[in-house]
Amino acid sequence: MFAGMGDVKHSDGYYELAEGWSVQVRDEHYEDANLIELSFPLTNRGDIVVFERTLPANLVEGTVMQFYITHATVEVQIDGQLIYEYGHQLYEEHRMLGYGFHFVDIPYGSAGKELRISLRVSENDAFSNIDVPIIDDGAHIMRNFMIERREAAAVILFLVIFGVVFVLATVFFNFEGSDFYRLLCLAFFSLSIGIWNLCNYDIIMLFTYNIRVKAIVEFSAIYGAPTFLFGYFYEEALKGGKLQKYAYYVLMVLQISFVAVTSVLQCFRIVHFPQMLKYNHMIMGMMALYLIVILARNGWKFKESHTVLMIGMLVMVLFAAGDIIRFNLQLYLGGFDGGHFINYTYVGIFIFVLTLIVDFIRRTGTNLYTTVRNETLEKMAYTDALTGLLNRRRCEEIYDEIDKNRSDYAVIALDLNDLKKVNDTLGHEAGDFYLREFSGVLTKAFAGCGDIIRTGGDEFLVVVKNPANVDVVAKIEEMNRLIAELNQCHANWNMSTAYGICYGSEKDIETIREADRVADARMYEKKHEMKGTVR
């Protein structure tokens with residue numbers, strides 16, 4: 001064995017065990033190997049990899065060895081004594097072993113002894129080099145680990161927190177329609193990408209050291225993320241022609257089927273997640289190309305609204321394409337350490353998520369403006385400007401709805417007395433106030449009973465829905481009581497109203513318009529009784 005004189009010692013207790021290794025990969029032997037430079041053909045399931053060397057003679061006691069292993073069982077021995085093992089039962093059960101950091105406590109008195117690490121590969125195309133083990137105090141390892149990843153951690157945690165917050169926001173704030181759908185897709189995409197990078201950068205070690213859980217979560221996140229991104233652009237896809245819509249549905253079905261099939265294969269231990277990664281890359285490539293095309297086409301029509309989104313999409317695609325190319329070059333040309341591939345796609349995705357947020361805010365603002373405008377126009381179309389009650393146009397629609405649904409109803413026709421007298425003696429402003437006060441009386445007296453309508457001038461209607469559940473006579477009495485209170489407050493008023501009632505259940509009443517005519521006739525009879533004259 002080699003003494004490792006080329007070991008890098010940065011501080012007391014910290015060693016990088018890069019040189020002096022004897023490595024055996026299948027039938028190939030590499031003596032005095034430097035792990036930083038060592039590369040060999042991709043390993044496959046069943047391959048045995050053994051690397052051994054002598055521990056430093058000045059090794060500090062109470063330290064921990066950290067090394068990264070991809071898809072392999074692990075045995076660590078010092079002078080032939082087993083001190084650590086991982087994954088043998090999982091291997092026999094054909095389960096995915098995962099990839100990540102292993103932490104091994106170095107026994108006291110190990111300085112200068114022989115270190116042997118044995119691996120049995122569990123997946124095809126697993127790795128083509130070996131990560132350099134380091135030895136240090138456990139607390140120092142974690143501190144240095146987080147310092148090296150602090151910038152990535154900030155961006156990744158933003159993506160995760162943003163995703164969680166807005167998933168909850170869609171639930172608790174009851175977003176509806178396309179706003180709800182888009183925000184949910186945006187939130188889940190951000191959450192998926194954040195979780196993927198949380199695992200890829202091994203920051204998930206803050207929550208669990210289980211590398212198998214880490215691998216399952218990482219693959220689940222990256223395989224599922226395109227579904228939510230593609231879903232966000234659902235409306236854009238449907239704005240195009242038949243070919244554009246057909247391509248969207250085909251790609252979405254392909255993506256969902258991929259996730260479903262891959263999950264089933266993983267659950268039943270037929271094919272593990274890592275073996276399906278190349279197909280994931282193909283589908284993501286097709287989806288990215290499709291989105292770039294439709295955004296570019298829509299951009300010619302909506303340049304101002306799509307420019308930022310298009311830039312964000314292109315930035316993300318460039319970062320992702322760069323990482324995919326780099327990943328496959330390392331995989332097939334050597335120097336590939338499996339799951340220990342550090343990606344920079346998170347930077348492009350972070351920029352793209354920011355553009356999605358801008359796009360969502362713009363869309364939500366536009367939709368809110370449209371909704372408010374439509375509601376305002378509808379209110380203007382169906383509301384009497386003076387009293388705020390429904391107008392004759394809305395009355396006709398209500399009548400049509402009742403006849404169509406064959407609903408039970410009662411119609412109360414009302415005529416406000418003495419409006420002309422108030423106009424002539426007190427002025428038209430006083431007359432308008434007189435009408436508004438009477439409208440307030442009707443609103444209070446018949447609240448929750450149905451629709452209150454001003455049909456014109458001094459004439460009003462109340463359409464009572466489900467009159468079997470309403471004491472109409474009591475409501476009329478309440479109306480008269482409120483009118484009496486108004487007259488007490490206005491000494492120069494003598495407000496009163498004539499009314500007529502007709503129920504839809506009465507004999508010979510086929511439509512609500514017939515009931516309207518009957519109620520109107522009865523109102524005039526009442527008016528005749530009250531004034532002793534016929535209008």
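Provided above is the structure to which this section pertains.
Given the structure is predicted, the values throughout are model-derived calculations rather than measurements.

Draft legend 1. Structural context of the overall build of the protein chain. Assigned secondary structure in the protein chain consists of 15 helices and 15 strands. When the 535 residues of the protein chain are sorted by exposure, 47% land in the buried category. When contacts within the protein chain are restricted to residue pairs at least 6 apart in sequence, those whose partners lie at least 24 apart make up 74%. For the protein chain, the accessible area works out to roughly 26,300 Å², and carbon and sulfur atoms hold 59% of it.

Draft legend 2. Structural detail: the pairing of strand β3 (residues 21–25). A large share of β3 lies buried, amounting to four of its five residues. Relative to strand β4 (residues 28–33), β3 runs antiparallel, the two sharing four bridges. Along β4, the bridge assignment pairs Q24 with H29. In sequence, β3 turns back onto β4 through a hairpin of two residues, with R26 there showing a positive phi of about 55°. Here four bridges tie β3 to strand β5 (residues 48–54), and the two strands are oriented antiparallel to one another. Considered in β5, the bridge of V25 is made with V49.

Draft legend 3. Expanded view of the packing of helix α2 (residues 138–148) against helix α3 (residues 150–172). Between α2 and α3, the shortest axis-to-axis distance is 5 Å and the interhelical angle comes to 70°. What the angle tells us is that α2 and α3 run roughly perpendicular. From α2, M146, I147 and E148 reach across to α3, where they touch R150, E151 and A153.

Draft legend 4. Region of the structure containing the packing of helix α5 (residues 211–232) against helix α7 (residues 242–267). At a minimum axis distance of 9 Å, the contact between α5 and α7 shows a crossing angle of 155°. Comparing the axis directions of α5 and α7 gives the class roughly antiparallel. Handedness of the α5/α7 crossing: left-handed. Within the contact between the two elements, α5 uses Y223, G224, P226, T227, F230 and G231 and α7 uses Y248, L251, M252, Q255, I256, F258, V259 and T262. Across the contact of α5 with α7, the residue classes break down as nine nonpolar, five polar and no charged.

What counts as what
Residues numbered from 1 in each chain as written. Predicted model: local features only at pLDDT ≥ 70, side-chain atom pairs only at ≥ 80, totals over all residues. Heavy atoms only, no water. Helix = DSSP H or I, 4+ residues; strand = E, 2+ residues; numbered from the N terminus. Buried < 20%, exposed > 50% of the residue type's maximum accessible area, 1.4 Å probe, protein only. Contact = heavy atoms within 4.5 Å. Areas by Shrake-Rupley, 256 points an atom, 1.4 Å probe, with all protein chains shown as cover. Pairing = 2+ DSSP bridges. Axes fitted to C-alpha atoms, helices over the stretch in contact; angles between N-to-C directions. Parallel < 35°, antiparallel > 145°, perpendicular 65-115°, else oblique. Left-handed = near helix turned anticlockwise from the far one by under 90°. Nonpolar A, V, L, I, M, F, W, Y, C, P; charged D, E, K, R; others polar.

Geometry only, nothing functional implied.
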